[in-house]
Amino acid sequence: MPNSVISSPHVPRVNRVDRVMLDVLLALIPGILVMTWFFGWGLLINCVLAVTFAVAAETVVMLLRGRSPLIALRDLSAVVTAVLFALSVPPILPWWLTLLGMLFAIILVKQLYGGLGYNPFNPAMAAYVFLLISYPVAMTTWLAPAGLAEHPLSFMESLRLILNGTLPTGFEWDALSSATPLDEMRGKLDLGQTIEQIGQSQTWGWLGGRGWEWVGVAFLLGGVYLLWRRLITWHIPVSMLLGLTATATLFWAIDPHTHPSPIFHLFSGAAMLGAFFIATDPVTACTTKKGQLVFGASIGLIVYVIRSWGGYPDAVAFAVLLMNIAAPTIDYYTQPRVFGHGSART
Amino acid sequence: MLVAILAIAALAAFFGILLGYSAIRFRVEGDPIADQIDALLPQTQCGQCGHPGCRPYAEALAKGEEEINKCLPGGEALVLALADLLGREPVAMDIKEKIPSVAFIEPEDCIGCTRCIQACPVDAIIGAAKQLHAVINSECTGCELCVEPCPVACIQMRPIQEDIQRWRWPYPARQPVESDSAAPLRDAA
Amino acid sequence: MVIALKPKSSPERRLWRFHGGIHIPDEKALSNGRAIERAPLAARLWVPLQQHIGAPGRPLIAVGDSVLKGQMIAEPTGFISAPVHAPTSGRVVAIEPHPVPHPSGLSAPCALIEPDGAETWAELPPPLADYPQLDPALIRERIRWAGVVGMGGASFPTSVKLTPGTDREIHTLIINGAECEPYITCDDRLMRERAAHILEGVRIMHHLLRVRTVLIGIEDNKPEAIAAMQLALAETDMGGYTEIVTIPTLYPSGGEKQLIRILTGKEVPTSGIPAQIGIVCQNVSTAAAVADAVLEGRPLIARVVTVTGHAIAEPRNLEVPVGTPIEHLIAQCGGYRETPRKLICGGPMMGFELRESTTPITKSTNCLLALAPAEAPDPEPALACIRCGRCAEVCPAKLLPQQLYWNARAKDLDRVQDYNLFDCIECGCCAQVCPSHIPLVQYYRYAKTEIWAREQEKRKSEQARARHAAKQARLERQEQEKQARLRKQKEALAAKPAAAADGDDAKKVLIEAARQRAAERKRSDAAGQD
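This structure is a prediction, so every number in the text was calculated from the model and none was measured. (Residues numbered from 1 in each chain as written. Chains lettered and ligands numbered in written order. Predicted model: local features only at pLDDT ≥ 70, side-chain atom pairs only at ≥ 80, totals over all residues. Heavy atoms only, no water.)

Each helix and strand in chain C was counted, giving 14 helices and 17 strands. A compact globule built from 530 residues would reach a C-alpha radius of gyration of about 24 Å, whereas chain C, at 34 Å, exceeds it by more than 25%. Taking the principal axes of the C-alpha coordinates as reference, chain C spans close to 135 × 65 × 65 Å. The contacts of chain C with a sequence gap of at least 6 include a subset with a gap of at least 24, amounting to 74%. In the structure as shown, chain C presents an accessible area of about 23600 Å², 54% of it carried by carbon and sulfur atoms. Between the averaged position of the 65 positive side-chain charges in chain C and that of its 62 negative side-chain charges there is a distance of 7 Å. (Helix = DSSP H or I, 4+ residues; strand = E, 2+ residues; numbered from the N terminus. Rg over C-alpha atoms; globule rule 2.2 N^0.38 Å. Contact = heavy atoms within 4.5 Å. Areas by Shrake-Rupley, 256 points an atom, 1.4 Å probe, with all protein chains shown as cover. Lys, Arg positive; Asp, Glu negative; His and termini not counted. Charge placed at Lys NZ, Arg CZ, Asp CG, Glu CD.)

Shown next as structure tokens:
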């Protein structure tokens, strides 16, 4: 009898993990659409492949652990991981790299630590970094955005490229691929060009790289949706974007000829995706409000540092992983003052 | 190179002296580990560990002469606490834990032989020769040492009745289904 | 030039916020539309002999006794204790353990009273209508005699709370009319119908505590109650120090610490009581019971209980004698509309399930809630915590519920206290918003009771250690004494045979001694003659 005692509250619960994840996927839709518009079908193909691999990996691991795979699949966390990964990698990434990435993310980074809620690192970002270090060329071969590309790939061409590595007839890699704006900026700055000279190029739009700037705006929109649905709080995204902006503004103010403007930093690379969808992953981020501010601002700072002086043009994944390591410590030192403890304001 | 060697040697000497001094200056008297162990033991004095009382078992543990799973009343919780304190691997208890009980003397059968009184390690049985004996429930540790000596077998162990004061909220039956680990890595430290 | 005159009413009182809290459907319309009704007597009343927090009472009755309404049947045994009175006249049929309202569903001693239906009152003490002229100790004694306890759920003896310590001045009395839990409307109805009576009680408590300010906090989802209380206040002379404060509806505003924070901005220190910051907090029902005791000489033997939930045919508020079995209350409300999924004592956020239909209501039972399956669906399986932090956002104590959960789940009773487990008020906000449906509050309650049990065990083992040491010392002493005795005997034995072996010598010695004595006497005699 005593074991059947169930504690209050006796009211229906208002939230559910799967609905949270579903909302995150919904919020990603504008970004997915814009990226597909600019980078072609490959992105959608990657999404489908990544989701398939992730779900398969999760099912196998759960079966090996002697548990019902449905429990893990129902929460949709594997799907979110897969989609975030697919949005971060080049849209023509060979399928086996996506497979490798998903196996790494789901098996090593997530399930070996105990599954959802127990992983210290963001699975999508860990997989991204793992591939970036192991396969740097494939991971940095981006397509040129629509409007700049000589030959926008058709659906079948994308599929063949991803599954087979077959280039469309009559084209070489150079004709299809293009450096990302961050890549180009770093490269040209290293060659001694000034921001003004670099800005002359037709690859630049209003806010950042052409095409890329709209991707940033779309993710910002999705982020606002998440905030409106109260699935995330403002602390991490705002502090991360502020951290990035403040550092960028400082150097830009010192020398605008050799340091790109803060706007460029905000709307290039994965800054927006990172701020709203990756750094805010609750499992691996800080949980205290003060801690989240420190966490976000540090990511912003690290992103700027690596982008400007590090070995890689973009740095959101590295910054997030680095701060994942620090999260428990930050949490420990930023515990809120408990009601009735210490000096209360009267 | 000579400078480097000298510097390292000087440093080594400095820290060596510092450590040596600290060892004397901050010396801890006595054997507090035995006290710490004794504080963890349930003090039933039942002797089921093979030692005459809790203190001797604590001292044996402190010397490293004994396994940490010998205390039956302490149960698994004690094994874990001892493993934590002594930095040893937890060992499984070989016998299932007992339900908390107290001794009860059947008044009709007691012949007043005082053997149980002599056996009781905590003086929880009162009575005198040729007089009826009785157990002080609040003092009885449930060690069962009085059961054996009774010549008429009139002592039995009775489980402590659960009442509202003693009742505890049960550990939630609805466990999160996904993982075996009690806490994620980041919180386990 | 015209100078606009400010209206003379007091300026809007500043309110403070507490951290977190949640908005939940209040479901109060189910039961707040009907006036309080007096239920007919049940055939049998199970009166628990302890209905307060503190030292248990001593029963004053025996099986077979006849009791009168209002007769004391258990007397207090300490300062923090309260008596119990017979809720009606009748015969004591049994005194035995019977299920009482408690999460465990366990039994406690109850007096089973069979009413005779005559409702004959025992001789009651005289009303103390002139209490402002009386010694406060006398009034407190009356409240203590009446067995008034906190009726909001805590059941702490009221007379104790109304005895301010000498070290600290009490400056504010807060009357809790927030009633923030969904479904419950007994305080709402009481304020609407008996506002003047409540204010009488407040005035008595004001007199006892000599506070400067009285604040009556009512959530703004009870406009009728607020209006009734304001109307009643206008007719008294208490307006100078009393204010009815409308507070925003937000669960758990009615928690004592939260209400104090809202009204005064002060925080009750951890593991402390409001008196430490000069505040005493009482429930509106308690105020009415104080008025009963002082102005009418009546003990606390009945209370208003909300019987509600979608499974109840005709939800309403009933005034019933303490000890009435819950099945009787449900029958009075037209029985069940559908089979309830759960029967809750108290509100849905903090109440507990009742399993026995003969469980009696007590002085602190404010609500009986029969939840239909749709209102309280079976909890879904708990998923892993995803650290979303919603729990921390809604926690009114500003705790980190996740950390408490991890440590409670790992049964790490020390670390769970490092995260201030005992500041948790078990309001249930965290569990309500948790997307993984983890039974968080149960983990905290489990950890709390485990810690208490562990401390109890520690005390017991300390005691056992001391007793064992004492026994060892005694045995050692006895052993030494025995040894000493044996040694003495041995010495004596050793001395005897020696003497026996040389009997002549011994005799010689004796003779010699006698001779010497005789010689001594002779000498002294001779000296005397000189």
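There is more to say, and it comes next.
Further remarks concern the UniProt feature "binding site: [4Fe-4S] cluster 3" (unreviewed entry) in chain B. Residue and element names in this part refer to chain B. Mapped onto this structure's residue numbering, the UniProt feature "binding site: [4Fe-4S] cluster 3" (unreviewed entry) falls at Cys120, Cys140, Cys143 and Cys146. Across 27 residues in sequence, these annotated residues keep their C-alpha atoms within 10.5 Å of one another, forming a single compact spot. Leaving out residues up to four positions away in the same chain, Cys143 has contacts with Thr44, Cys46, Gln48 and Pro121. Inspection of the secondary structure assignment puts Cys146 in the loop between β3 (134-135) and β4 (155-159). Once residues lying within four places of it in the same chain are set aside, the contact partners of Cys146 are Ala103, Cys116, Ala119, Ile125 and Ile155. (UniProt positions renumbered as here; feature names shortened; annotations may be inferred.)

Our focus in this paragraph is the nonpolar core. Judged by nonpolar contacts, the single largest core of 95 residues is most densely connected at Leu28, Leu87, Phe219, Phe277, Phe295 and Ile299 of chain A. When residues in this core are grouped by element, the largest group, eleven residues, is from helix α1 (residues 17-39) of chain A. Those residues in contact with Phe219 of chain A that sit more than four places away from it in its chain are Leu28, Gly31, Met35, Leu87, Met272, Leu273, Phe276 and Phe277 of chain A. Core analysis: the next-biggest nonpolar cluster, separate from the first, contains 52 residues, Ile36, Leu128, Leu162 and Val290 of chain C among them. (Core = buried A, V, L, I, M, F, W, Y, C linked by side-chain atoms within 4.5 Å. Buried < 20%, exposed > 50% of the residue type's maximum accessible area, 1.4 Å probe, protein only.)

Using the residue numbers shown here, the UniProt feature "binding site: [4Fe-4S] cluster 1" (unreviewed entry) corresponds to Cys385, Cys388, Cys391 and Cys434 of chain C. Maximum C-alpha separation among the annotated residues is 10.7 Å over a sequence range of 50 residues, consistent with a single clustered spot. Along the chain, Cys385 of chain C falls in the loop between β17 (367-371) and α9 (390-394). Excluding its chain neighbours within four sequence positions, the residues that come into contact with Cys385 of chain C are Leu116 and Gly117 of chain A together with Gln402, Tyr405, Trp406, Ser436 and Ile438 of chain C. By the secondary structure assignment, Cys434 of chain C is in the loop between α12 (429-433) and α13 (440-501). Taking the relative accessible area as the measure of exposure, Cys434 of chain C reaches 10% and is therefore buried. Ignoring anything within four residues of it in the chain, the contact list for Cys434 of chain C reads Asn15 of chain A together with Leu440 of chain C.

It is worth spelling out the UniProt feature "binding site: [4Fe-4S] cluster 1" (unreviewed entry) in chain B at this point. Residue and element names in this part refer to chain B. The feature "binding site: [4Fe-4S] cluster 1" (unreviewed entry), as given by UniProt, occupies Cys46, Cys49, Cys54 and Cys71 in the numbering adopted here. Maximum C-alpha separation among the annotated residues is 9.1 Å over a sequence range of 26 residues, consistent with a single clustered spot. Tracing the sequence through the fold places Cys46 in the loop between α2 (32-40) and α3 (54-62). Exposure remark for Cys46: the relative accessible area of 8% places this residue in the buried category. Cys46 has contacts with Pro73, Cys143 and Leu145, leaving out every residue within four places of it along the chain. As for its placement among the helices and strands, Cys54 is situated in helix α3.

Turning next to the pattern of salt bridges. All chains considered together, the criterion is met by 40 salt bridges over all chains. One salt bridge in this structure joins Lys161 of chain C and Glu256 of chain C, with 3.4 Å as the shortest N-O distance. Here the residue Lys161 of chain C occupies a position in helix α2 (residues 158-161), and Glu256 of chain C occupies one in helix α6 (residues 256-264), the gap between them amounting to 95 residues. For Lys161 of chain C, a relative accessible area of 27% translates into the label partly exposed. Residues joined by salt bridges that share partners form a network here, namely Asp35, Asp38, Arg55 and Glu59 of chain B together with Glu462 and Arg465 of chain C. (Salt bridge = Lys/Arg side-chain N within 4 Å of Asp/Glu carboxyl O.)

A few words now on the pairing of β17 of chain C. Residue and element names in this part refer to chain C. Here β17 lies mainly inside the structure; five of its five residues are buried. Taking every second residue as pointing to the same face, both faces of β17 are buried, with Cys367, Leu369 and Leu371 on one and Leu368 and Ala370 on the other. As defined by bridge partners, strand β13 (residues 302-308) adjoins β17 across three bridges and the pair is classed as parallel. Residue pairing for β17: Val307 is matched across the bridge by Leu368. Relative to β17, strand β15 (residues 342-345) runs antiparallel, the two sharing four bridges. Note that in β17 the partner of Leu343 across the bridge is Ala370. (Pairing = 2+ DSSP bridges.)

Moving on: the environment of Thr339 of chain C. All names here are of chain C. Mapped onto the secondary structure, Thr339 falls in the loop between α8 (326-332) and β15. Classification of Thr339 by relative accessible area gives exposed; the value is 66%. Put simply, Thr339 and Ala311 are 28 residues apart on the chain and 6.5 Å apart in space, counted from C-alpha to C-alpha.

It is worth spelling out the sheet that holds strand β4 (residues 66-67) of chain C at this point. Two modes of strand pairing occur in sheets, parallel and antiparallel, and in both the strands are linked by backbone hydrogen bonds. Residue and element names in this part refer to chain C. Ordered by their spatial adjacency, four strands build an open sheet running β2-β8-β7-β4, and the pairing between neighbours is antiparallel. The open sheet has two edge strands, β2 (45-48) and β4, and neither has a second partner. One ladder, built from two bridges, connects β4 with strand β7 (residues 90-99); its direction is antiparallel. In the strand pairing of β7, Ser66 is matched with Arg91.

Glancing now at the interface of chain C and chain A. With 57 residues of chain C at the interface, the matching set in chain A holds 41 residues. Between chain C and chain A, a total of about 4400 Å² is buried, with carbon and sulfur atoms accounting for 55% of that surface. Considering only the surface of chain C that becomes buried against chain A, Glu267, Ile386 and Gln432 of chain C emerge as the three largest contributors, covering 15% of it. Summed over the shared surface of chain C and chain A, the number is two salt bridges. Of the charged contacts in the structure, one is a salt bridge between Glu267 of chain C and Arg337 of chain A, with a shortest N-O distance of 2.9 Å. Taken together, chain C and chain A are joined by 25 residue pairs in polar contact (both at pLDDT 80 or more). Examining the composition of the side of chain C that touches chain A, we find that four residues originate from one element, helix α10 (residues 401-409) of chain C, more than from any other. Counted by class, the side of chain C that touches chain A contains 29 nonpolar, eleven polar and 17 charged residues. (Buried area = accessible area lost by both parts, 1.4 Å probe. Polar contact = N/O pair within 3.5 Å; in protein donor to acceptor, adjacent residues only side chain to side chain. Nonpolar A, V, L, I, M, F, W, Y, C, P; charged D, E, K, R; others polar.)

Turning next to the pairing of β2 of chain C. Residue and element names in this part refer to chain C. Neither face of β2 is left uncovered, since the one carrying Leu45 and Val47 and the one carrying Trp46 and Pro48 both have all their residues buried. Judged from the four bridges that link them, β2 and strand β8 (residues 107-115) form a sheet pairing that is antiparallel. Residue Leu45 lies in a different strand from β8, and its bridge partner there is Ile113.

Residues and elements named next belong to chain B. Each assigned domain of chain B is listed here: domain 1 (32-86) and domain 2 (99-159). Computed from C-alpha atoms alone, the centre-to-centre distance between domain 1 and domain 2 is 25 Å. Tallying the contact residues gives five residues for domain 1 and five residues for domain 2. Interface of domain 1 and domain 2: buried area, both sides summed, is about 370 Å²; carbon and sulfur atoms make up 60% of it. The tally of links from domain 1 across to domain 2 stands at zero salt bridges. Linking domain 1 to domain 2 there are zero residue pairs in polar contact (both at pLDDT 80 or more). (Domains from an automatic or database assignment.)

Our next topic: helix α4 (residues 195-209) of chain C. For α4 of chain C, spanning 15 residues, the distance from its first C-alpha to its last is 21 Å, which sits close to the expected 21 Å at 1.5 Å a residue. Looking one or two places after α4 of chain C, you find Arg210 of chain C, whose phi comes out positive at around 55°. (Expected span 1.5 Å × (residues − 1).)

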